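# Chain and residue survey
If you want the building blocks of each chain, they are given just below.
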Amino acid sequence: MTLRTRYPLRRVALAATAALATVALLAGCASGTAPQAATTADEPKEGGDITFLIDSLGATWIPNSSSISSYQGHVWGHLTDKLIYVDEEGNLSPWVAESWEQSDDATEFTIHLKDGVTFSDGTPVDADAVVANIDIWAKGDPDKGIARIGLFPSANYVGAEAVDDATVTVTFAKPTLSFIPTLAYHGSILISPETLALPAEEQADLSNDIGSGPFVVESWKEGDSVVLTKRDDYDWGPEALEHTGPAYLDSITYKIVAEPTLRTGSVESNQADVAYNASPQELDALKDEGLVVATPRYLGFVNGYALNTSVAPFGDEAVRQAFSHGIDRDEILSTVYTDDWHAAETFVQSNVPEATDHSDAFAYDPEESEKLLDDAGWAPGADGIREKDGQQLAVTLYANPYLATSKSIDELVAQQLAEIGFKVDIEAYDVVTYGEKVIGNKTLQANEITRSFVDIGTIPGVLTGSNQGDEDWFKLGTSDTTLNELAAELSSATDKDSRAATFEEVQQYVLEQGYFVPITQIVQRIYVQTPDLEGVTYNGLAYANYYTAWLDR
């Protein structure tokens, strides 16, 4: 299979000019003149420096861990390249891989590399380097404490081999249609083998991490900022973006500013160019002031709860269904969000090509929820909280800091579920503490999902515990034979049509069992930017890319 489809450069729509607020912040990072009205420059302009304000830069820079973060992923997207590019509709096109083929049974793949690509230290991105990266994505390095890349199809990975300097073959024990799309996933970044050979503590020093991307690390300060400067010798951008030479911008500064109103206020007052994770309630007003707002949706799961069937009360299907039907998603959309957000139709985003509408399976129906709980023996107590066998119907939700609106959503969900007899507590942590206390904790009743992927073939790895390395979101192990069979059929498909038909069954079954409780379709990455920053693109993971961006000042 060889894909060479071209896609036009997406440009951010620009709003009209209006009065600017004044905020004193970020001395030394000011961007110059005030934002102006939208222009129609025919050609990009060379030069310029932008400042991107972000609420966190995570806890580590080890590539395998930090590249899949919604925070460090922004930086990695400019320091590194990928073999494949993916757009917001899931279409794949060449990048460092100029073409590829797969065997009829989807167990062997051949990747042909673009000539002349180098890491920033001058070493070639050749077949040996690609093999080293694929191995680390698939297996990690347990001896160094480095995990594999989440959602990489590792279970059936046999190995990768350099056929010659520009050709790699990759083999799997079973059909793996998801392999090529996963090469566009934001965790599949190309890192110098010299970096990969370092111990974890040295990989955690960002200045040691050598990529092949259009920018390099100028400086970084843990917990504060990262400054990137462009590579003058870069000449292999994604085919879809129709630009191959160096970036137009001279530098990008990522600066941590914890308070969201300070981030947006700094863009309003022209002391920064981009603010990340603005509150949705601010967006209409910011547009009215002449700022550009982008709310790209990524390919992946909707925002929702993966329920832990091994922990009470969610071992009971009736309770899971009552929980799901007790959530009023229209109220969440109208209270927390703007028109840029959409209702969930299944447990994956509607821009995923194989997604189909199963919203009836989790429609708001509090009367049905009450009936389910009554029939299951959960009786209302004196305080309205239901009880059974001396235990309250109590659930704790952990607000996900990777989604700016998570705590507000959880608070609404708690109010809605209280009306049918649930007692819902909420705990909220910053990104670092959330990683320590919540991520990977198998004893929690519910895990709030904000997770992207490029291809549905990676989904079986989260559904059950059938294979080594599976994440087993619902803590079912191998107990649900129906789901085991569906997951196996989904992962072993050799053509996309049969796989789509199986995924239709998977969606219906998972939702009917109440394993996954959708809330809304997700816009996890919200951008507010000055109107004179043009040429910004957004890929299928909803990351802003400034490789093709320029300042019209």
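Computed from a prediction, not measured in an experiment: that's the story for all the values here. Counting restarts for each chain, with residues numbered from 1 along the sequence as it is written. Local features in this predicted model are restricted to residues of pLDDT 70 or higher, and side-chain atom pairs are both shown and tallied only at a pLDDT of 80 or more, whereas totals for entire chains, interfaces and linings draw on every residue. Water and hydrogen atoms play no part in the side-chain values, which are based on all heavy atoms of the structure.

The strand order across the open sheet built from three strands is β14-β15-β16, with neighbouring strands paired in antiparallel fashion. Two strands close off the open sheet at either side, each with one partner strand: β14 (379-380) and β16 (391-392). Relative to β16, strand β15 (residues 386-388) runs antiparallel, the two sharing two bridges. Following the sheet pairing, E387 is matched in β16 by Q392. Following DSSP output, two strands are said to pair if at least two bridges run between them. Going along the chain from the N terminus, every DSSP run of H or I of four or more residues is numbered as a helix, and every run of E of two or more is numbered as a strand.

What follows covers unusual backbone geometry. Residue P313 is reached from A312 by a cis peptide bond, and omega for that bond is 5°. Examined against the element boundaries, P313 turns out to sit in the loop between β13 (303-307) and α9 (317-325). With a phi angle near 55°, D389 is a residue other than glycine that sits in the positive phi range. Following the sequence through the fold, D389 ends up in the loop between β15 and β16. Only protein chains enter the accessibility calculation, which uses a 1.4 Å probe. A residue is then buried if its area is under 20% of the maximum for its type, exposed if over 50%, and partly exposed in between. Taking relative accessible area as the criterion, D389 reaches 72% and is therefore assigned exposed. Backbone geometry at K475 places phi at a positive 55°, although glycine is not the residue there. Note that K475 resides in the loop between α14 (460-463) and α15 (481-492). For K475, a relative accessible area of 25% gives the class partly exposed.

Neighbouring strands of a sheet are bound in pairs by backbone hydrogen bonds; such pairs are parallel or else antiparallel. Sheet architecture is open: four strands sit in the order β4-β5-β7-β6, paired in antiparallel fashion. Sheet topology places β4 (97-102) and β6 (157-164) at the edges, where each strand pairs with a single neighbour. Neighbouring strand axes in the sheet, compared pairwise and without regard to direction, differ in orientation by 20° on average. Pairing between β6 and strand β7 (residues 167-172): six bridges, direction antiparallel. Working convention: axes come from line fits to C-alpha atoms, limited for helices to the stretch in contact. Angles between N-to-C directions cover 0 to 180 degrees.

This part takes up the packing of aromatic side chains. Stacked, tilted and edge-to-face pairs are distinguished by plane angle, under 30 degrees for stacked and over 60 for edge-to-face with tilted covering the rest, among Phe, Tyr and Trp rings (Trp via its six-membered ring) whose centres lie within 6.5 Å. Taken as a whole and judged by the stated rule, the model has 34 aromatic pairs. Between the aromatic rings of Y276 and Y527, the centroid separation amounts to 5.5 Å while the plane-to-plane angle is 50°, which identifies the pairing as tilted. Note that Y276 is positioned in strand β11 (residues 274-276) and Y527 in strand β21 (residues 527-529), a separation of 251 residues in sequence. Pair check on accessibility: Y276 and Y527 agree, each one buried. Pairwise contacts between aromatic rings join F52, Y71, Y254, Y276, Y402, Y434, Y527, Y538 and Y546 into one cluster. The lysine or arginine in question, R525, covers the ring of Y543, its NZ or CZ lying 4.0 Å from the ring centre. By the criterion adopted, a ring carries a charge over it if an Arg CZ or a Lys NZ lies within 6 Å of its centre and within 35 degrees of its normal.

By volume, the largest pocket amounts to about 1,400 Å³. Mapped by element, the contributors of at least two residues to the lining of the largest pocket are α1 (63-66), β13, α13 (431-437) and β19 (446-449). Here the term charged refers only to Asp, Glu, Lys and Arg, the term nonpolar to Ala, Val, Leu, Ile, Met, Phe, Trp, Tyr, Cys and Pro, and the term polar to all other amino acids, Gly among them. Of the residues assigned to the lining of the largest pocket, the class counts are 19 nonpolar, 21 polar and eight charged. A pocket, in this scheme, is an open set of points on a 1 Å grid over the protein atoms alone with protein on both sides within 12 Å along at least 5 of 7 lines, while a cavity is a set where a 1.4 Å probe fits but cannot get out; residues line either one if an atom lies within 4 Å of a point. Grid points are joined across faces, edges and corners, and a volume is the space filled by probe spheres set on the points.

Looking at chain direction, strand β8 (residues 215-221) and strand β9 (residues 225-230) are connected through six bridges and run antiparallel. By the bridge assignment for β9, K221 is matched with S225.

For the rest of this paragraph, the subject is α9. Of all nine residues in α9, eight are buried, a share of seventy percent or more. All buried positions along α9 are accounted for by A318, V319, R320, Q321, A322, F323, S324 and H325. If you check the start of α9, you find a side-chain oxygen 2.9 Å away from the backbone N of A318, and it comes from D316. Two N or O atoms count as a polar contact when they lie within 3.5 Å, although within protein this holds only if one can serve as hydrogen donor and the other as acceptor, and sequence-adjacent residues are included solely when both atoms are side-chain atoms.

The next thing to look at is the pattern of salt bridges. Each salt bridge in this description consists of a side-chain nitrogen of Lys or Arg and a carboxyl oxygen of Asp or Glu lying within 4 Å of one another. On inspection of all chains with the given rule, the structure shows 16 salt bridges. K407 is the salt-bridge partner of E411, the closest N and O atoms lying 2.7 Å from each other. Pair noted here: E411 and K407 are both in helix α12 (residues 406-418), with a separation of four residues, about one helical turn. Via salt bridges that share partners, E46, K230 and D250 belong to a single interconnected network.

What follows covers helix α7 (residues 260-268). Among the residues of α7, those classed as buried are R263, T264, G265, S266, V267 and E268. Residue contacts are defined here by distance: any two heavy atoms, one from each residue, within 4.5 Å place the two residues in contact. The inward-facing, buried residues of α7 contact β1 (49-54), β11, α8 (283-288) and β21. Taken from the residues just after α7, N270 is the one with a positive phi, measuring 65°.

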